Amino acid sequence: MPITQRTDYDVVVVGGGGSGLAAAIAAASEGARTVVLEKADELRGSTGRSVGSIAASATPDQQRLGIDDSADRHLADYRVLSGTLAATENIELAKLLTHNVTDTLAWLRGMGMEFFGPVGEAPHSAPRLHNVLPGSRSYIYHLERKARQLGVTIELGVAGDRLVQNAGRVSGVETCGADGSRVVYSARRAVVLASGDFSASAELKSKWIDDRVARFVPVNPCATGDAQRMAIELGGQVLNAEVFDVPSMRLAPPPSEGLFGLLQRLAPRRYLTAPIRWGMAHLPNWLIRALMMGFVTTYLSPREALFDAGAILVDTAGRLRSDSPENINLVVAGLGEEGGYIIGDRALYRKFSADPCYVATAPGVAFAYMPDFRRSRKDVYAEASTLPELATEIGVPAATLSKSVAAANESLAGGSAPLTEGPFFALGPVRAYLLQTNGGLAVSTDLEVLGADDRPLPGLYAAGNAGQGGLALFGHGHHLGWAFTSGRIAGRNAARSAITPIRAAS
Ligand SMILES: Cc1cc2nc3c(=O)[nH]c(=O)nc-3n(C[C@H](O)[C@H](O)[C@H](O)COP(=O)(O)OP(=O)(O)OC[C@H]3O[C@@H](n4cnc5c(N)ncnc54)[C@H](O)[C@@H]3O)c2cc1C
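So, how was this worked out
Residues numbered from 1 in each chain as written. Predicted model: local features only at pLDDT ≥ 70, side-chain atom pairs only at ≥ 80, totals over all residues. Heavy atoms only, no water. UniProt positions renumbered as here; feature names shortened; annotations may be inferred. Helix = DSSP H or I, 4+ residues; strand = E, 2+ residues; numbered from the N terminus. Contact = heavy atoms within 4.5 Å. Buried < 20%, exposed > 50% of the residue type's maximum accessible area, 1.4 Å probe, protein only. Arc of directions from axis to C-beta. Salt bridge = Lys/Arg side-chain N within 4 Å of Asp/Glu carboxyl O. Near = heavy atom within 4 Å. Polar contact = N/O pair within 3.5 Å; in protein donor to acceptor, adjacent residues only side chain to side chain. Areas by Shrake-Rupley, 256 points an atom, 1.4 Å probe, with all protein chains shown as cover. Patch = residues over 30% accessible without salt bridge, like charges linked within 9 Å, V, L, I, M, F, W, Y side chains within 5 Å. Core = buried A, V, L, I, M, F, W, Y, C linked by side-chain atoms within 4.5 Å. Domains from an automatic or database assignment. Axes fitted to C-alpha atoms, helices over the stretch in contact; angles between N-to-C directions. Parallel < 35°, antiparallel > 145°, perpendicular 65-115°, else oblique. Nonpolar A, V, L, I, M, F, W, Y, C, P; charged D, E, K, R; others polar. Pairing = 2+ DSSP bridges. Buried area = accessible area lost by both parts, 1.4 Å probe. Expected span 1.5 Å × (residues − 1).

- Where an unreviewed UniProt entry is consulted, the protein appears under the name FAD-dependent oxidoreductase, with the organism given as Rhodococcus jostii.
- Reading the Cofactor (unreviewed entry) entry of the UniProt record for the protein gives the comment "FAD".

Below you can see the structure in the form of structure tokens.
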């Protein structure tokens with residue numbers, strides 16, 4: 001098929017998730033004619049699938065609550081979270097995050113987003129998690145709206161495939177459409193790579209991590225490391241390629257039909273988020289949680305503490321799986337797409353019905369307990385007076401489930417109680433998803449992609465997971481903070497790059 005050329009752009013952004021849309025808005029705000037190329041047929045990315053929390057310090061929310069905090073303290077806590085990676089991390093990039101993320105939060109608010117919090121989380125020395133309302137799709141909704149207002153062109157179903165160079169400078173992107181058509185989008189100023197991580201590329205996971213991780217199920221099927229691959233061809237380097245978030249067990253997100261579906265489709269504008277904010281401050285906790293469980297939450301993650309207290313894991317054939325010495329999240333990961341069920345009894349239900357024994361963290365709601373699932377998430381919660389009845393409810397062989405519970409009761413470890421008294425419950429199916437890999441391109445503090453000898457590749461920027469630059473970003477709220485902050489800076493700098501004359505693709 002012949003290659004056609006689109007020459008009307010100053011800045012070409014590859015990827016329409018959080019970092020790409022932020023970059024496009026920043027570039028267009030500088031007056032640059034900007035296009036976003038998105039491989040999927042919708043704007044969402046990992047950003048629109050995330051929980052939605054951002055860690056930031058010295059925010060108006062903290063000040064309202066009298067919380068004394070600063071970017072320097074945030075940086076110090078961030079470095080603790082980085083653990084052994086702190087030794088190799090570029091501290092200037094870490095500082096770029098912690099010292100700019102507060103402005104980023106204000107920038108997002110300026111587009112109409114509302115946040116709840118701050119919520120605390122160890123080892124942060126102050127409550128710093130700000131959760132977007134009513135959920136992470138709010139990011140995509142408002143960023144897309146703003147981008148379109150600024151005249152950004154958004155092309156869906158178009159995958160960046162190869163970087164085009166002109167006299168040693170990146171001058172465009174060759175793309176591949178769903179029908180196999182190839183188009184070169186020329187960038188008079190610069191290209192921003194913002195296509196996320198490589199958690200969905202079995203090939204790259206196998207090459208950079210191992211074959212086992214290669215089989216883990218990703219959350220975002222489009223996260224195939226295309227930016228990393230394209231930049232390596234020009235001499236770019238991937239840092240922390242082997243670092244990945246250990247898969248955590250997750251329940252499916254709320255169903256997209258019925259009342260929950262309706263709630264999820266509501267535009268996340270102030271008419272919706274302002275009453276939610278008010279409700280969270282004033283309504284009884286159980287009532288607001290019942291509502292929020294429907295449309296705030298994405299992939300809730302049940303805590304390992306359930307198993308420490310005696311819950312068991314069975315697969316979809318009813319076989320006991322929690323008897324393995326391996327970490328329970330990895331056991332669930334081994335069950336693949338089918339997943340399994342967490343089984344408990346009345347005593348366990350009671351125990352996990354109140355503070356401090358929450359079942360999962362939910363954004364904004366902060367903590368979700370057993371009654372929240374029973375009341376609001378019947379799609380992932382089943383209950384019955386006897387084990388055979390429970391087996392019928394979840395569609396596993398009754399005899400196998402009873403045998404599994406008996407086996408688990410016989411081999412009890414200290415501290416946990418046998419599962420004896422109905423009603424029994426099942427939470428699931430629970431699956432372990434690989435949220436993300438952390439290997440991103442080496443970047444400068446201007447978000448230029450660095451080649452050999454750490455010299456910038458002219459005309460090429462990267463942001464978000466694609467431009468993670470060796471940052472660990474451990475702890476909740478740092479990945480999104482980085483996606484939007486790095487996106488803003490990359491987009492602005494791309495728009496300010498010198499103009500190069502456009503020639504035919506090479
Ligand atoms: C379930 C879950 C919960 C999370 N919760 C949080 C949280 O609460 N707080 C936090 O800080 N972080 C969280 N994260 C991590 C965070 O969501 C990501 O790190 C962040 O969204 C990455 O943004 P991004 O723009 O780099 O990537 P994405 O948002 O994934 O955007 C990349 C986009 O590029 C597109 N793309 C890929 N290849 C191409 C190509 N060749 N051409 C064109 N387009 C392409 C993709 O389709 C995608 O739309 C969570 C992640 C997951 C999966």
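Focus: the environment of L85
Here is step 1: For L85, the location among the structural elements is in the loop between α3 (71-82) and α4 (91-98).
Here is step 2: Put simply, L85 and G470 are 385 residues apart on the chain and 8.6 Å apart in space, counted from C-alpha to C-alpha.
Here is step 3: Among residues more than four places away in sequence, those in contact with L85 are N240, V243, A472 and F474.

Side note on helix α5 (residues 101-110)
Here is step 1: If you check which residues of α5 are buried, you get V101, T104, L105 and L108. Around the axis of α5, the buried residues are gathered within 100° of arc, so they sit on the same side.
Here is step 2: Of the residues one or two after α5, G112 is the one with positive phi, at around 110°.

Looking at the pattern of salt bridges
Here is step 1: Applying the stated criterion to the full structure yields 24 salt bridges.
Here is step 2: A salt bridge links R496 to E30; the nearest nitrogen and oxygen atoms lie 3.0 Å apart. Residue R496 is found in the segment after α19 (478-495), and its partner E30 is found in the loop between α1 (18-29) and β2 (34-38); the two are separated by 466 residues along the sequence.
Here is step 3: A residue is classified by how much of its surface remains accessible, and R496, at 53% relative accessible area, is exposed.
Here is step 4: Given the relative accessible area of 38%, E30 is considered partly exposed.
Here is step 5: Among the ionic pairs, R148 bridges to E144, the shortest N-O distance being 2.9 Å. Here R148 pairs with E144, and both are found in helix α6 (residues 137-149), just four residues apart, close to one helical turn.
Here is step 6: E144 gets classed as partly exposed once you look at its relative accessible area, which sits at 24%.

Description of the site of the ligand
Here is step 1: Around the ligand sit 36 residues, and of these S19, E38, T47, D226 and L480 come closest.
Here is step 2: Separating an oxygen atom of the ligand from a backbone N or O atom of G52 is a distance of 3.1 Å.
Here is step 3: A distance of 3.4 Å separates an oxygen atom of the ligand from a polar atom in the side chain of N220.
Here is step 4: Taken by itself the ligand offers 1000 Å² of open surface, and the protein chains cover 98% of this.
Here is step 5: Of all the secondary structure elements, the ones that give two or more residues to the shell around the ligand are α1, β2, β7 (158-166) and α19.

Overview of a nonpolar patch on the surface
Here is step 1: A cluster of nonpolar side chains, namely W278, L283, W286 and L287, defines an oily patch on the protein surface of about 420 Å² accessible area.
Here is step 2: Summarising the element assignment, L287 is placed in helix α12 (residues 285-295).

Some thoughts on the UniProt feature "domain: FAD-dependent oxidoreductase 2 FAD-binding" (unreviewed entry) in the protein
Here is step 1: Annotation from UniProt places "domain: FAD-dependent oxidoreductase 2 FAD-binding" (unreviewed entry) at residues 10-249 and 375-470.
Here is step 2: Helix makes up 32% of residues 10-249 and strand 27%. Its end C-alpha atoms lie 43 Å apart.

Regarding the nonpolar core
Here is step 1: Within the largest apolar cluster, 131 residues are counted, with the highest numbers of intra-cluster contacts made by Y139, V191, L193, I343 and F373.
Here is step 2: Both domains that furnish three or more residues to this core are identified here as domain 1 (3-245 + 436-495) and domain 2 (248-434).
Here is step 3: Beyond its immediate sequence surroundings of up to four residues, I343 is in contact with A311, I312, V314, L387, L390, I394, L401, L419, F425 and A426.

Quick look at the packing of α4 against α19
Here is step 1: The contact between α4 and α19 brings their axes to 9 Å, and the two run at 95°. Taken together, the axis directions place α4 and α19 in an arrangement best described as roughly perpendicular. Contacts between α4 and α19 involve L93, L96 and L97 from the former and H478, G481, W482, T485 and I489 from the latter.
Here is step 2: Split into classes, the residues belonging to the contact of α4 with α19 amount to five nonpolar, three polar and no charged.

Points about the sheet that holds strand β3 (residues 53-55)
Here is step 1: Strand order in the open sheet formed by three strands is β3-β5-β4, with antiparallel pairing between adjacent strands. Pairing within the sheet leaves two strands with one partner each, and these edge strands are β3 and β4 (114-119). Going from strand to strand, the sheet's axes swing by 30° on average, the running direction of each strand aside.
Here is step 2: The sheet contact formed by β4 and strand β5 (residues 129-133) spans four bridges and is antiparallel. Bridge pairing in β5 links V119 to L129.

Quick look at the side chain of Q228
Here is step 1: On the secondary structure map, Q228 appears in helix α9 (residues 226-232).
Here is step 2: Given a relative accessible area of 0%, Q228 falls into the buried group.
Here is step 3: Within the structure, Q228 has its side chain in polar contact with the backbone oxygen of G196 (distance 3.3 Å).
Here is step 4: Once residues within four sequence positions are removed from consideration, Q228 is found in contact with G196, D197, F198, W208, V238, G439, G440, L441, N465 and A466.

Points about the domain arrangement of the protein
Here is step 1: Domain boundaries in the protein define domain 1 (3-245 + 436-495) and domain 2 (248-434).
Here is step 2: Averaged C-alpha coordinates put domain 1 and domain 2 at centres separated by 31 Å.
Here is step 3: At the junction of the two partners, domain 1 supplies 32 residues and domain 2 supplies 26 residues.
Here is step 4: Carbon and sulfur atoms make up 62% of the area that domain 1 and domain 2 hide from each other, which totals about 2500 Å².

Here we look at the environment of L43
Here is step 1: Looking at the element boundaries, L43 is found in the loop between β2 and β3.
Here is step 2: Considered as a pair, L43 and L156 are 113 residues apart in the sequence and their alpha carbons are 7.7 Å apart.
Here is step 3: When sequence neighbours within four positions are dropped, the list of residues in contact with L43 reads G16, L21, E38, I140, E144, I154 and L156.

Looking at α6
Here is step 1: In a regular helix each residue adds 1.5 Å, so 13 residues correspond to 18 Å; α6 covers 18 Å between its end C-alpha atoms and thus fits that length.
Here is step 2: Buried residues of α6: S138, Y139, I140, H142, L143 and A147, and no others.
Here is step 3: Close packing links the buried residues of α6 with α1, β3, α5, β4, β5 and α19.
Here is step 4: Looking one or two residues beyond α6, the residue adopting positive phi is G151, at roughly 90°.

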